[in-house]
Amino acid sequence: MPESTPKIFVLDTSVVLYDSNAFNNFQEHDVAVPITVLEELDQFKKGNNVINLHARDFLRQVDRLSENADLRQWIPLSSTDLAEAVPINGNGEEGRQGRFKVVTANGSGGTTAGAFGTKKNDHRILDAAIALQKENEDRKVILVTKDINLRVKARALEVAAEDYETVKVQDVARLYTGKSDVSVPAEVIDQLYRDGTVSTAMVDHDTVPLNHFLILRATDGSKSALATYDAQSLEIKRVEKASGYGIVPRNAEQTFALHAILNPSVKLVTITGAAGTGKTLLALAGALEQRSSFRQIYLARPIVPLSNRDIGYLPGDISSKVSPYMQPLWDNLSVIKNQFSENDKAFRRIDEMVEREKLHIVPLTYIRGRSFSNIVFIIDEAQNLTPHEIKTVITRAGEGTKIIFTGDIFQIDTPYLDTESNGLSYLIDRIRDHPLYAHVTLEKGERSELANLASAML
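Residues numbered from 1 in each chain as written. Predicted model: local features only at pLDDT ≥ 70, side-chain atom pairs only at ≥ 80, totals over all residues. Heavy atoms only, no water.

### With respect to the overall build of the chain
The number of helices and strands found in the chain is 15 helices and 17 strands. The buried share of the chain, taken over its 458 residues, is 48%. Summed over all atoms, the accessible surface of the chain reaches about 22,400 Å², with 47% contributed by carbon and sulfur. (Helix = DSSP H or I, 4+ residues; strand = E, 2+ residues; numbered from the N terminus. Buried < 20%, exposed > 50% of the residue type's maximum accessible area, 1.4 Å probe, protein only. Areas by Shrake-Rupley, 256 points an atom, 1.4 Å probe, with all protein chains shown as cover.)

Rendered as structure tokens:
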């Protein structure tokens with residue numbers, strides 16, 4: 001078939017729950033949704049999680065499309081965004097508009113039943129794709145799903161299958177780290193220590209993003225310095241080692257991270273790194289150090305339930321339900337408290353802040369619709385958020401608010417997210433080089449020698 005022939009993309013439920021506007025992102029190609037997907041979405045339409053929001057939003061869009069049309073027939077996608085996205089085709093002529101339909105046929109030949117022996121919803125979706133393939137032999141039919149196992153099953157039955165990649169980071173191996181090593185003459189480092197700043201021309205590094213961090217090393221190996229490309233002065237500015245509520249950085253990357261957290265002109269910070277690199281600890285310590293500058297400190301983590309069960313299955317009130325998921329945050333607070341003796345004012349202050357809810361641990365699920373002004377908002381394990389959830393959190397920020405995301409993009413606990421499609425990777429890739437933003441990737445584990453041994457050898 002010619003390359004210019006429009007394809008037919010069949011969407012799985014996982015794609016809709018990830019991006020409710022997915023069917024508008026296939027340009028001039030047609031998009032089909034098996035009726036089994038609508039049945040599965042019915043189970044997700046109630047609730048406050050982002051997947052519930054996406055299920056409702058998608059169903060509303062389909063309802064609007066089908067008001068005066070038969071869903072079993074191809075309906076033009078009249079999205080303005082789509083029309084603007086494909087004004088011309090490969091020949092420079094007016095572009096074709098994509099179409100949409102619901103597939104009610106499920107492959108009465110029992111293709112998957114013969115192959116797998118059971119009739120699961122995934123198999124019904126596969127059968128719908130196979131039925132479309134038989135009806136449209138002159139066109140390529142592709143199943144789009146974020147379910148790896150379903151993609152494998154599809155290919156086993158000679159059905160083309162792809163991941164949904166519209167919001168994927170293309171090359172996660174080259175994801176922005178927020179820092180770089182630069183060799184400079186020794187006299188540049190001398191001037192940096194003397195004046196506190198040097199021009200970008202002196203380090204031959206005038207294309208770095210705003211708030212980018214630099215480890216300057218003398219070409220003769222005699223000295224080094226930590227610096228940042230300051231978004232306010234547009235000069236290379238020295239980064240001095242600072243502490244946060246008793247927590248002292250142990251390496252250059254931790255020093256950069258704490259500098260970004262304490263910088264009042266930076267309103268959005270992301271810190272990534274493996275377990276034990278100090279992400280959450282530095283975020284909490286930096287927030288406590290600035291406690292007088294903000295009305296409250298909010299701490300949150302995505303709740304990733306076991307066995308796909310919502311926290312409603314747990315006993316007790318909301319505080320009791322959330323507590324097991326938030327224990328790592330309490331553990332980090334204990335580490336900070338234990339820098340001081342029990343009689344120390346700094347030790348008691350943390351307990352007082354918790355009691356007065358100036359330091360408040362909240363479930364991320366319940367922030368939708370709220371606005372947060374003059375607070376520090378720390379979101380731990382942010383790699384388990386979708387790009388839409390990341391956007392939802394940031395759009396809650398009112399005046400004077402600072403948001404800190406921490407996480408390990410290689411440790412995903414949520415189905416259908418990976419290192420390329422999670423919200424934290426997406427945020428780092430999209431928002432670099434903005435004066436309000438700074439990022440640091442922590443590389444060296446500082447938890448303990450034993451933890452480092454396990455990370456390196458096991």
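Past the structure itself, the notes keep going.
### Some points on the packing of aromatic side chains
Geometrically, a pair of aromatic rings is defined through the distance of the ring centres and the angle of the planes. Summed over all chains, the structure comprises ten aromatic pairs. Ring geometry for Tyr298 against Phe372: centres 5.2 Å apart, planes inclined by 65 degrees, an arrangement best described as edge-to-face. On the criterion of sequence distance, the pair formed by Tyr298 in strand S13 (residues 296-300) and Phe372 in the loop between strand S14 (359-361) and strand S15 (375-379) is long-range, its members being 74 residues apart. The class of Tyr298 is buried, set by a relative accessible area of 5%. Judged by relative accessible area, which is 3%, Phe372 ranks as buried. Above the plane of the ring of Trp74 lies Lys101, whose end atom (NZ or CZ) is 5.2 Å from the centre. Directly above the ring of Tyr18 sits Lys146, whose terminal nitrogen or CZ lies 4.6 Å from the centroid. (Phe/Tyr/Trp six-rings, centres within 6.5 Å; stacked < 30°, edge-to-face > 60°. Lys NZ or Arg CZ within 6 Å of the ring centre and 35° of its normal.)

### Looking at helix H10 (residues 279-289)
Of all eleven residues in H10, ten are buried, a share of seventy percent or more. What H10 keeps buried is the set Lys279, Thr280, Leu281, Leu282, Ala283, Leu284, Ala285, Gly286, Ala287 and Leu288.

### Re the sheet that holds strand S16 (residues 402-407)
Neighbouring strands of a sheet are bound in pairs by backbone hydrogen bonds; such pairs are parallel or else antiparallel. Strands sit in the order S14-S13-S15-S16-S12-S17 across an open sheet of six strands; the sheet is parallel. A single partner strand is all that each edge strand has here, and the edge strands are S14 and strand S17 (437-442). Put simply, the sheet's adjacent strands are angled 15 degrees from each other on average, direction ignored. Pairing analysis gives five bridges linking strand S12 (residues 268-273) to S16, with the strands arranged parallel. Note on S16: the bridge partner recorded for Thr272 is Gly407. Against the sheet, H10 engages S12, S13, S14, S15, S16 and S17, with an angle of about 160 degrees to S16. Packed on one face of the sheet, helix H14 (residues 423-431) meets S12, S16 and S17 and runs near 125 degrees to S12. (Pairing = 2+ DSSP bridges. Axes fitted to C-alpha atoms, helices over the stretch in contact; angles between N-to-C directions. Contact = heavy atoms within 4.5 Å.)

### Comments concerning the nonpolar core
If you look at soluble globular proteins, the nonpolar side chains tend to sit buried side by side. Counting residues in each nonpolar core, the largest one holds 43 residues, and the members touching the most others are Leu11, Phe23, Phe58, Phe100 and Leu143. If you tally residues by element for this core, the top one is helix H6 (residues 121-135), at six residues. Excluding its chain neighbours within four sequence positions, the residues that come into contact with Phe100 are Phe23, Val31, Val33, Phe58, Val62, Leu65, Leu71, Gln73, Trp74, Ile75 and Leu77. Counting 36 residues, the second largest nonpolar core, distinct from the first, contains Phe256, Leu329, Ile336 and Ala438. (Core = buried A, V, L, I, M, F, W, Y, C linked by side-chain atoms within 4.5 Å.)

### Section: unusual backbone geometry
Residues other than glycine predominantly adopt negative phi, and peptide bonds predominantly adopt the trans conformation. The backbone of Gln27 shows a phi angle near 55 degrees, a positive value even though the residue is not glycine. In this fold, Gln27 is placed in the loop between helix H1 (13-18) and strand S2 (30-34). At Glu158, a position not held by glycine, the phi torsion is positive, near 60 degrees. On the secondary structure map, Glu158 appears in the loop between helix H7 (148-156) and strand S6 (160-162).

### With respect to the packing of helix H13 (residues 387-394) against H14
Packed helices, taken two at a time, are described by the angle their axes make and the gap between the axes. One can describe the packing of H13 onto H14 by two numbers: an axis separation of 7 Å at closest approach and a directional angle of 65 degrees. Taken together, the axes of H13 and H14 are roughly perpendicular relative to one another. The element H13 and its partner H14 pack so that their crossing is right-handed. Between H13, through Pro387, Ile390 and Ile394, and H14, the contact on the second element is made entirely by Gly423, Leu424, Tyr426 and Leu427. Each residue belonging to the contact of H13 with H14 can be placed in one class, and the counts come to six nonpolar, one polar and no charged. (Parallel < 35°, antiparallel > 145°, perpendicular 65-115°, else oblique. Left-handed = near helix turned anticlockwise from the far one by under 90°. Nonpolar A, V, L, I, M, F, W, Y, C, P; charged D, E, K, R; others polar.)

### A few points about the confidence of the model for the chain
Chain-level pLDDT for the chain is 84 on average; 85% of the residues reach the 70-or-more range. Here helix H4 (residues 80-85) stands out as the element of the chain with the lowest mean pLDDT, 38, in contrast to helix H9 (residues 252-262), whose mean of 97 is the highest. Of the regions scoring below 50 in pLDDT, residues 79-94 engages in 19 contacts with residues more than four places distant in sequence or in other chains. Predicted confidence for residues 305-318 stays below pLDDT 50, and this span has 18 contacts to residues more than four positions away or in other chains. (pLDDT = per-residue confidence, 0-100.)

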